[in-house]
Amino acid sequence: MRSKQFVICGIGRFGRSLAVELAEGGYEVMVVDQSEERIQEISSIVTHAVQADTTDVDIMKSLGIRNFDVAIVSIGKDIQSSIMTTLLLKELGIPYVIAKAKSELHERVLRKIGADRVIQPELEMGRRIATNLISGNILEHIQLSSEYSIIEIPILNEWKNKSIVQIDLRNKYGINVIAIQRQGKIEISPRPDFVFMEGDVLIVVGSNIRLKTLEGKRYSR
């Protein structure tokens, strides 16, 4: 039995991340985007990378789109192109079409025209993180994008018995504290005067560069 074949329309951050994961998983992946630069950047990773207008029915037919099992419409800012591409993919007979939405109204329209699944990545990520925080099942590392992540990290020794505002985490370390885990309990959105104690574990968000620097500081002690 052959493995599933995927076509991804729109190579922004979400589309690129999805394409790379599928390609590295051994699947056949075609990406289609109007940006020559984006296509060149990903051409060595996926099976096929094509610079084209995903709303052009003749071009999409010529690419053999109808032979793919799953299509993902990850077009971000251009809502009209997102809707037209989704409609075209369904009309071409793609068995399963997943579309990215930017709002609830956008989602309703995509569902109306036949999208089999509609996702709002940022919203779903937020819900997932909140659920993990509330349940206490905090993930050690969540990569939000190629530039930003959420990590779980024990406090540094010099932070003990000091407050968030005293340490000046945002300016000094470039991080924002989302929550604090203390003795199995979670303090979400702690106040600036929250004082750290030994054993506290922080859930912070920041740039990957600053987070790596912070982790290096921790392990160098």
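Bear in mind that the values here come from a model prediction, so they are computed numbers and not experimental data.

Engineer: Give a detailed account of the packing of aromatic side chains, specifying residues and quantitative values.
Structural biologist: Under the defined criterion, the tally for this structure stands at four aromatic pairs. Here F6 and Y27 contribute two aromatic rings whose centre-to-centre distance is 5.4 Å and whose plane-to-plane angle is 85°, an arrangement assigned as edge-to-face. Placement of F6 in strand β1 (residues 5-9) and of Y27 in the loop between α1 (13-24) and β2 (28-33) is noted, with a sequence separation of 21 residues between them. The class of F6 is buried, set by a relative accessible area of 11%. Among the aromatic residues, those joined into a cluster by ring pairs are W159, Y173, F194 and F196.

Engineer: Just give me the short version of the pattern of salt bridges, but keep the residues and values in it.
Structural biologist: Scanning all chains against the criterion turns up six salt bridges. D116 is the salt-bridge partner of K90, the closest N and O atoms lying 2.9 Å from each other. Separated by 26 residues along the polypeptide, K90 in helix α4 (residues 79-91) and D116 in the loop between α5 (104-112) and β6 (117-119) bring together distant segments of the chain. For K90, a relative accessible area of 24% puts it in the partly exposed group.

Engineer: Now, about unusual backbone geometry: what can you tell me, with residues and values included?
Structural biologist: A positive phi angle, close to 65°, is found at N161, a residue other than glycine. As for its placement among the helices and strands, N161 is situated in the loop between β8 (148-154) and α7 (164-167). Unlike most non-glycine residues, D168 shows phi in positive territory, near 60°. Among the secondary structure elements, D168 is positioned in the loop between α7 and α8 (169-173).

Engineer: Go over the nonpolar core with me, naming the residues and quoting the values.
Structural biologist: Counting 22 residues, the largest nonpolar core has V7, M60, I65, L89 and I94 as its most contacted members. Looking at this core, the elements with two or more residues in it are β1, β2, β4 (70-73), α4 and β5 (96-100). If we ignore the near neighbours within four places in the chain, the residues touching I94 are I65, R66, F68, D69, V70, A71 and L89. Formed by 18 residues, the second largest nonpolar core is a distinct cluster that contains L156, W159, I164 and V204.

Engineer: Talk me through the pairing of β4; I want residue IDs and the actual numbers.
Structural biologist: Of the two faces of β4, the one carrying V70 and I72 and the one carrying A71 and V73 are both buried. With four bridges connecting them, β4 and β5 associate as parallel partners. Paired with A71 across the two strands is V97, which belongs to β5. Where the polypeptide runs from β4 across α4 and back to β5, its parallel neighbour, the crossover connection is right-handed.

Engineer: Any chance you could break down the sheet that holds β1 for me, citing the residues and the numbers?
Structural biologist: Strand order in the open sheet made by the six strands is β3-β2-β1-β4-β5-β6, with parallel pairing throughout. The strands lining the two open edges of the sheet, one partner per strand, are β3 (48-51) and β6. Across the sheet, the mean angle separating the axes of adjacent strands is 15° when strand polarity is ignored. Sheet analysis places β1 next to β4, joined by four bridges and oriented parallel.

Engineer: So what about the side chain of T54? Which residues, and what values?
Structural biologist: Counting through the fold element by element, T54 comes out in the loop between β3 and α3 (57-62). Take T54: its relative accessible area is 6%, and that puts it in the buried class. A polar contact of 2.7 Å, which involves the side chain of T54, links it to the side chain of T85. Other than its neighbours up to four places away in sequence, T54 contacts C9, V32, M60, I75, T85 and L88.

Engineer: Give a detailed account of the side chain of S82, specifying residues and quantitative values.
Structural biologist: With respect to the helices, strands and loops of the structure, S82 is situated in helix α4. Beyond its immediate chain neighbours, meaning those up to four positions away, S82 contacts V73, I75, K100, H106 and L110.

Conventions and cut-offs
- Residues numbered from 1 in each chain as written.
- Predicted model: local features only at pLDDT ≥ 70, side-chain atom pairs only at ≥ 80, totals over all residues.
- Heavy atoms only, no water.
- Phe/Tyr/Trp six-rings, centres within 6.5 Å; stacked < 30°, edge-to-face > 60°.
- Helix = DSSP H or I, 4+ residues; strand = E, 2+ residues; numbered from the N terminus.
- Buried < 20%, exposed > 50% of the residue type's maximum accessible area, 1.4 Å probe, protein only.
- Salt bridge = Lys/Arg side-chain N within 4 Å of Asp/Glu carboxyl O.
- Core = buried A, V, L, I, M, F, W, Y, C linked by side-chain atoms within 4.5 Å.
- Contact = heavy atoms within 4.5 Å.
- Pairing = 2+ DSSP bridges.
- Right-handed = clockwise from strand over helix to strand, strands pointing away.
- Axes fitted to C-alpha atoms, helices over the stretch in contact; angles between N-to-C directions.
- Polar contact = N/O pair within 3.5 Å; in protein donor to acceptor, adjacent residues only side chain to side chain.

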